[in-house]
Amino acid sequence: MNIPSRYDPKATEDKWYTYWLENGYFRSRPDGRKPYTIVMPPPNVTGVLHMGHVLNNTLQDVLIRRARMAGYNACWVPGTDHASIATEAKVVAHLRAKGIEKSDLSRAEFVKHAWAWAHKHGGIILEQLKKLGASCDWARIRFTLDEVLCESVTRAFVDLYERGLIYRGYRMVNWDPQAQTTISDEEVSHVEKRGKLYYLRYPIKGLNAFVTLATTRPETILGDTAIAVHPDDERYAHLRGKTAIVPIANREIQIIQDEYVDREFGTGCLKITPAHDVNDSEIGDRHQLEIIDIFNEDGSLNAHGRHYEGKDRFAARRLIVKELQEKGFLVREVDYAHKVGTSERTGAVIEPKRSIQWFLKMKDLAKPALEAVSNGAVALVPAKFERAYRHWMEGIHDWNISRQLWWGHPIPAYYYGEGPADFVVAQGPEKALEQARKKSGNPDLQAADLKRDPDVLDTWFSAWLWPISVFDGIRRPDNAEMTYYYPTQDLVTAPEILFFWVARMIMAGYAFKRQKPFSQVYLTGIVRDKRGRKMSKSLGNSPDPIALIERYGADAVRVGMLLTAPAGNDLPFDEALCLQGRNFANKIWNAFRLVQRWEIGEKRQPDYAALGVSWFTNRLNQALHQLERDFKAYRISAALMRLYKLIWNDFCALYLEIAKPPYGEKIDAKTASQTRQLFEDILKALHLFMPFLTEEIWQRFARRGEREALIITDMPESKPYDEKLIRAFGFSVQVVSALRHFRSEKNIPNAEKLTVFVSERETHRHFDPVICKLAQLAELRYVDGKIDGAPIVRAGLNEYFIPGEEAVDTRAERAKARAEITHLQGFLKRVQKELDNADFIDRAPESVVAAARKKQADAREKIKRLQRHIEDLKG
RNA sequence: GGGCCCUUAGCUCAGCUGGUUCAGAGCACCUGUCUUACAAACAGGGGGUCGCAGGUUCGAACCCUGCAGGGCCCACCA
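A. Structural context of helix α1 (residues 13–22). Within the sequence span of α1, burial applies to Glu13, Trp16, Tyr17 and Trp20. Buried residues of α1, seen end-on, are gathered within an arc of 100 degrees and therefore sit on one face of the element. Residues of α1 that are buried in the fold lie against α2 (51–69), α5 (124–132), α16 (545–552), α17 (554–563), α21 (669–687) and α22 (691–701). Among the residues trailing α1, glycine 24 stands out with phi positive, at a value near 70 degrees.

In structure tokens:
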């Protein structure tokens, strides 16, 4: 059989994915085993796969495959999110490109378009995940607008409303004038912007004087209803009880006193616009000020804007500044950099605005969620996020959950009148009607009299139920799946949505199930480009993962992604990493080719082969042990690197070189089968990271129909290993390296035999046959006493010599020896100083002191020998 | 404004509760090789006063303080 010398991912990936799928290996149903569950963070239904998805889904796949092979009932639930605001924006843009405005459509028509869009693009991303090898239980796909989930969301809303946690209120919210909806505090990011601070003067009524104040938003003077000064501010004591005239608006407003005012800032006077600033709003409430909202929903000025009505807020700002200047109200303007709240969605500057919205009280919900992380019931990995989490939870505000959008979960509120309390919250129209009749006292109310709330819920209001709702645990709290799979084990996600999503899921877990949703949260890094910039569509710096898979293979992309992905750190992604992954795949492929082409002969197992097997078996067990520790600590990339080195350096470069028969010879049956066994163990360990390649090789090892699939085999357990043996082997490798170096320096071909004399001070003979094998033609001769020349290497206390004048450059050798002596003397000095220090002897633990003594003795011994060699070389 | 984190080889990062020669790994680089699994490879090699300055300690990459540079999160100072 002719096996190509390069691994071809295209020939294997689809084949094995289909095979796994058809045999139901990803499928999970409750049974007697322990469950291991991950719910996938649902990507936007209309999204396409980007590197961030590759990262966190590869991590999830590694974890889920590991659990599967460790005997758990592994269940990975995939799904997508309707992503209310993001999807709606996309649909709006899409329609606009076709010449249709959202306002041209009825709500029903628009939603129909949105569904069409979602169906067309929906699930692309999940299909793409299959290319990556994601072993999700695809029969469990969920969508946050599925019937079950919709009903769950509604129930959750009604439930929280009935528990008094959801309320409708007229409060300050974040208004996005572009998207024309409110957004939550978490969706507002404060971006530093260069602006101006305008000093304006307002005439004081009854005095021939002005009061000067500073503002960044001169256009809002049209909504001013007061000027505030600090009560203790002597400078303005004379203004007490006076009123001022708002320029342009010509309205008379009070001058009030409030401790909120910072005397140091600006002039110490603050104009108060209760409708358009959170602080002003609070001050307004304290002083019962009038609220004048001057903006339309799109951010243009309304009738209160007078002759600026209809102008956009920023255009109005320029014009008003001009008018103020012309009329002498502008004292000066200075450059001023400040943080401006902007919508994460549209980038528009947020307009703080008073509005009637739905809110969820968070304080009580946060308590158990805070506790869960504090007491370790839910562990954040890395733990550094716990502090941020705590901080956020402690300062949590009520959550504005209503959105003025059409695509999303409708709010289950029904209005039967115009009064602020003329509504009911219910699971459906029938129940609503029933309740409305009761609440209104009007038994004749008809369904048509009820008006459904036009708003939808914040996307995260469905997402926060995800670990519960995917198992239908809201509607049917004690169903078999729910009790079996919940709480889940690991959640893998980006730290960006720690507050948006993770924290809220924990709250929902306790609110609805009295139980955490998961035990560990692995927070990945953020994938950046080589230059450290966040990957984004607009920068065009995000490689298309599917193209990468085409080019390098899925396994290689997984490896490339994981190689530099420590938890919580940003990772600058470089395509070269995929190349490294591909090369690694090829390396393993060729190891397979080697083993596969061996012909079995009749001979007995040579000593070197037996020793190689014994060493590598120990080494493998050591590595497996270390891997378990890596996984326990979620050091996934460290685990991969460990395997990479184990396979490349230990298995390929050393073990296979030891095991393989001399050229032209056949291999003995025992070594061949032991090698295959070791190879298979390696494949199992590596399967998590490189599922396709490993399955392919494993299947090729199998005889037809002999066994099913690598994906469902048992992970090899780490058995006890002999560390001394591993170290002894290390000494032998040092000798081999030296011999190879010697050959290369002296240009001695491998065909020429090297005779090596060993001045033996301690016995390391165990692996001598291995040395001889690895060093090609070499023979070791043990001698007592002095040997002429300089040793080419020392391993432990032994020295290895190659006789022959021509082999040694005396001068260079002496220089080398002297340099080494200098180094050793420096070292000795340090140790000496340590040992001379009475405090050290007294206070350091005995083992450390003993070690120091040993170091001292060893160094002295080595120096003595080196000096002797220098003498010898002189002769 | 508050809080958190980072700074170790050209790059990306390990370095667990201070203690064996602890200064590491991978990649990149340099020099040889198409050697009988693999040039997507093999063999060999160079490279860092652990950001800076103090301090604690018998002993510091590791603990403390200050400084410099970089990043992140939170926040209603006009």
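Having seen the model, we can carry on.
B. Layout of the sheet that holds strand β22 (residues 488–493). With parallel pairing, the three strands of this open sheet are ordered in space as β15-β23-β22. Of all strands in the sheet, those with a lone pairing partner are β15 (379–381) and β22, marking the two edges. Along the sheet, successive strands turn relative to each other by an average axial angle of 20 degrees, direction set aside. Looking at chain direction, β22 and strand β23 (residues 518–523) are connected through five bridges and run parallel. Across the sheet, leucine 491 pairs through a bridge with valine 521, a residue of β23. Across the sheet, α2 is in contact with β22 and β23; its angle to β22 comes to roughly 155 degrees.

C. Here's a closer look at the protein's contact with RNA strand B. Close to RNA strand B lie 55 residues, the nearest being Arg6, Phe265, Asn279, Arg843 and Lys855. A breakdown of the atoms of RNA strand B within 4 Å of the protein gives sugar and phosphate a share of 59%. Glutamine 580 places a polar side-chain atom, nitrogen or oxygen, 2.7 Å from a sugar or linking oxygen of RNA strand B. Between asparagine 583 and RNA strand B, the recorded distance is 3.1 Å, taken from a side-chain N or O atom to a sugar or linking oxygen. Looking at the surface near RNA strand B element by element, the count peaks at ten residues for helix α18 (residues 576–597).

D. Summary view of the sheet that holds strand β19 (residues 423–425). If you walk across this open sheet you meet the three strands as β19-β18-β20, and the pairing is antiparallel. Edge positions in the sheet fall to β19 and β20 (451–452), since each has one partner strand and no second. For strand β18 (residues 413–415) and β20, the ladder comprises two bridges, and the chain directions are antiparallel. For tyrosine 415, the partnering residue across the bridge sits in β20 and is lysine 451. Relative to the sheet, helix α11 (residues 429–440) contacts β18 and β19, its axis offset from that of β19 by approximately 135 degrees.

Definitions and cut-offs
Residues numbered from 1 in each chain as written. Chains lettered and ligands numbered in written order. Predicted model: local features only at pLDDT ≥ 70, side-chain atom pairs only at ≥ 80, totals over all residues. Heavy atoms only, no water. Buried < 20%, exposed > 50% of the residue type's maximum accessible area, 1.4 Å probe, protein only. Helix = DSSP H or I, 4+ residues; strand = E, 2+ residues; numbered from the N terminus. Arc of directions from axis to C-beta. Contact = heavy atoms within 4.5 Å. Pairing = 2+ DSSP bridges. Axes fitted to C-alpha atoms, helices over the stretch in contact; angles between N-to-C directions. Near = heavy atom within 4 Å. Polar contact = N/O pair within 3.5 Å; in protein donor to acceptor, adjacent residues only side chain to side chain.

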